[in-house]
Amino acid sequence: MQQPAIATFYDHIADIAKQEGCSVPEALREAGKLGVTALEVSCFNTAGQADKLAGELSEAGMGVTAMPSFFSFESDTDVESQAEKIFADAKTIGARKLLVIPGFIPEGADREACPRQIIDCTKRLGELADRAGFVLTIEDFDNERSPISDSSGMLRFMDAVPGLTACFDTGNFYFAGEDALDAFERLRGRIGHVHLKDRSLTEDFGTEPRKTVDGSPMHPSPVGAGVIPMGELLEKFMDGGYNGPYTIEHYGAEPMLECLKRSVEWLRARLGEAGI
């Protein structure tokens, strides 16, 4: 069986360049040496420089697994105008999958009406994306104002939007106070993309703390070295038939290159043990 693509975020490549004092092309080559073959490149990365990024990726021999795409459907229902630029940039860099972050519920907004509006706009986006040749996925986004921060919110959106799949971010259910293994069972059969993210309770790999919805601190971690049951989750992905890319994520990590190295080594070892 062919090994699935191992990916990380373009933002992490930029962090490596900054932390290691090298250029982005040099950081891309270092990631490639580790076994990274593809990236997630967000709409913020491509804004005003999609052609430049496409050239960097081509020169490095890197593919694109998905394009995290931020929309403001809570306040702007003109779906077409928001989608136009993102679709254009996605085509330029070769992204066929859009990771949709559809909006956030403003403080004081109606907690039912606002999500319904965001869902309606996401449904329209899905129709436009289908015509343009894109597929859409949503993740358990780690923000308490996100309407898709847990599996219940994700299911509500997927039930309303044809073709929408779940991007299973292994570390973000921890943010929401939801057990990741329970979330997998709820989303079983609907997972179309995976982010491998671990969480640490110490500052070993970065002092940029985040807090869970209950106020507990959490820090970046190499995959397999934190508190998330990464081994069990990876087994469930494989047993469930997922054969797509695995995107390694650890925003805020430092040193990012060492964190990425350890994460890739862990993943490749586990895939090897499974005969992949």
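Refer to the structure presented above.
Residues numbered from 1 in each chain as written. Predicted model: local features only at pLDDT ≥ 70, side-chain atom pairs only at ≥ 80, totals over all residues. Heavy atoms only, no water.

**Re a negative patch on the surface**
Then comes step 1: Taken together, Glu232, Glu235, Asp239 and Glu273 make up a surface patch of like negative charges.
Then comes step 2: Tallying contributions element by element places helix 10 (residues 230-239) first for the negative patch, with three residues.
Then comes step 3: Note that Glu235 resides in helix 10. (Patch = residues over 30% accessible without salt bridge, like charges linked within 9 Å, V, L, I, M, F, W, Y side chains within 5 Å. Areas by Shrake-Rupley, 256 points an atom, 1.4 Å probe, with all protein chains shown as cover. Salt bridge = Lys/Arg side-chain N within 4 Å of Asp/Glu carboxyl O. Lys, Arg positive; Asp, Glu negative; His and termini not counted. Charge placed at Lys NZ, Arg CZ, Asp CG, Glu CD. Helix = DSSP H or I, 4+ residues; strand = E, 2+ residues; numbered from the N terminus.)

**Some points on the pairing of strand 1 (residues 6-9)**
Then comes step 1: Here strand 1 shows a buried face lined by Ile6 and Thr8 and a second buried face lined by Ala7 and Phe9.
Then comes step 2: One ladder, built from three bridges, connects strand 1 with strand 2 (residues 38-40); its direction is parallel. Within strand 2, the position partnered with Thr8 by the bridge is Leu39. (Buried < 20%, exposed > 50% of the residue type's maximum accessible area, 1.4 Å probe, protein only. Pairing = 2+ DSSP bridges.)

**Description of the side chain of Thr247**
Then comes step 1: For Thr247, the position within the fold is in strand 10 (residues 246-248).
Then comes step 2: At 2.9 Å, the side chain of Thr247 and the side chain of Glu40 are in polar contact.
Then comes step 3: Ignoring any residue separated from it by four or fewer positions in sequence, one finds Thr247 in contact with Ala7, Thr8, Phe9, Glu40, Thr65, His193, Val194, His195 and Leu196. (Polar contact = N/O pair within 3.5 Å; in protein donor to acceptor, adjacent residues only side chain to side chain. Contact = heavy atoms within 4.5 Å.)

**Comments concerning the environment of Asp51**
Then comes step 1: Along the chain, Asp51 falls in helix 4 (residues 50-60).
Then comes step 2: Classification of Asp51 by relative accessible area gives exposed; the value is 63%.

**Examining the packing of helix 2 (residues 24-34) against helix 11 (residues 256-273)**
Then comes step 1: Two numbers describe how helix 2 lies on helix 11: the axes approach to 10 Å, and their chain directions differ by 25 degrees. By the criterion of interaxial angle, the relationship of helix 2 to helix 11 is roughly parallel. Seen along the crossing, helix 2 lies across helix 11 with a hand that is right-handed. Together, Glu30, Ala31 and Leu34 of helix 2 and Leu257, Leu260, Lys261, Val264 and Arg268 of helix 11 make up the contact between the two elements. (Axes fitted to C-alpha atoms, helices over the stretch in contact; angles between N-to-C directions. Parallel < 35°, antiparallel > 145°, perpendicular 65-115°, else oblique. Left-handed = near helix turned anticlockwise from the far one by under 90°.)

**Quick word on the pattern of salt bridges**
Then comes step 1: A complete count under the given rule lists 15 salt bridges for this structure.
Then comes step 2: Between Glu127 and Arg124 there is a salt bridge, and its shortest N-O distance comes to 3.2 Å. In this pair, Glu127 and Arg124 are both assigned in helix 6 (residues 113-132), three residues apart and thus about one turn of the helix distant.
Then comes step 3: Since its relative accessible area comes to 37%, Glu127 is described here as partly exposed.
Then comes step 4: Salt-bridge contacts for Arg190 lead to Asp159; the nearest nitrogen and oxygen are separated by 3.0 Å. Taken together, the residues Arg190 in the loop between helix 9 (180-187) and strand 7 (191-196) and Asp159 in helix 7 (residues 151-160) connect sequence positions 31 residues apart.
Then comes step 5: Judged by its relative accessible area of 58%, Asp159 falls in the exposed class.
Then comes step 6: One salt-bridge network, held together by shared partners, links Glu80, Arg124 and Glu127.

Any functional reading would require information beyond the geometric quantities listed.
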